[in-house]
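Residues per chain, in single letters:
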Amino acid sequence: MSMNASRKALLQVYKQLLRSAETFPSSNRKRIYQAIREEWRENAGMAEQEAQVKVALAYKGLGQLRQFDVDTMTGGTGGNNWNVQLEQNPMPKPADYDERKKKRGR
């Protein structure tokens, strides 16, 4: 994947993540949306190989968010007969998670 292609793919999945986070049925919706934006800013200058890994991880997260989309859950019928299947630890914490958390003061 060329540098431009991976950046384009990353931007595309970023936009999709933000759209999905806007409709995520949770009281944590705003924090999830903000976390996606922060992650994007923090990784703006990442290397090509790292960008490819992030794209794959982002698509995995997008799939998790989309499981909670009302149309997906109801099959487009708007009913309440739905289920969600999550894999164990779908988005593991990055190696420097604790360090970044301390920097942000959380």
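Calculation criteria
- Counting starts from 1 at the beginning of each chain's written sequence and moves along it residue by residue.
- Reporting of local features is limited, given that this is a predicted model, to residues whose pLDDT is at least 70; pairs of side-chain atoms are given and counted only at 80 or more, and all residues count toward the totals for whole chains, interfaces and linings.
- As a rule here, side-chain values cover all heavy atoms of the structure and leave hydrogens and water aside.
- A run of DSSP states H or I qualifies as a helix once it reaches four residues; a run of E qualifies as a strand once it reaches two. Both are numbered from the N-terminal end.
- With a 1.4 Å probe rolled over the protein chains alone, any residue whose accessible area is under 20% of its type maximum counts as buried; one over 50% counts as exposed, and the rest are partly exposed.
- In this description, contact between two residues means that some pair of their heavy atoms is separated by no more than 4.5 Å.
- Throughout, the Shrake-Rupley method with a 1.4 Å probe supplies accessible areas, and for residues the shown protein chains are the sole cover considered.
- Joining through side-chain atoms within 4.5 Å is the link that ties buried Ala, Val, Leu, Ile, Met, Phe, Trp, Tyr and Cys residues into a set, and such a set is a nonpolar core.
- Each salt bridge in this description consists of a side-chain nitrogen of Lys or Arg and a carboxyl oxygen of Asp or Glu lying within 4 Å of one another.

A count of helices and strands for the chain gives five helices and zero strands. Secondary structure elements of the chain, listed N to C terminal, follow the sequence α-α-α-α-α. Evaluated residue by residue, the chain yields a buried proportion of 25% over its 106 residues. A sequence separation of at least 24 residues applies to 61% of the contacts in the chain between residues at least 6 apart. Within the structure as shown, the chain displays about 7800 Å² of accessible surface, and the carbon and sulfur contribution to it stands at 51%.

Time to look at the nonpolar core. Formed by 15 residues in total, the largest nonpolar core has its most connected members in Leu 10, Val 13, Leu 17, Ile 36 and Leu 65. Elements represented by at least two residues in this core include exactly helix H1 (3–22) and helix H3 (48–66). With residues up to four places along the chain from it excluded, the contact list for Leu 10 reads Trp 40, Met 46, Ala 51, Lys 54 and Val 55.

A separate point is the pattern of salt bridges. In the structure shown here, the tally under the stated rule is three salt bridges. Its salt-bridge partner being Arg 100, residue Glu 39 comes within 2.9 Å of it at the nearest N-O pair. Here the residue Glu 39 occupies a position in helix H2 (residues 29–42), and Arg 100 occupies one in helix H5 (residues 97–104), the gap between them amounting to 61 residues. Among the charged side chains, a salt-bridge network with shared partners connects Glu 39, Glu 42, Asp 96 and Arg 100.

Everything listed here is a matter of coordinates, which is why it stays silent on function.
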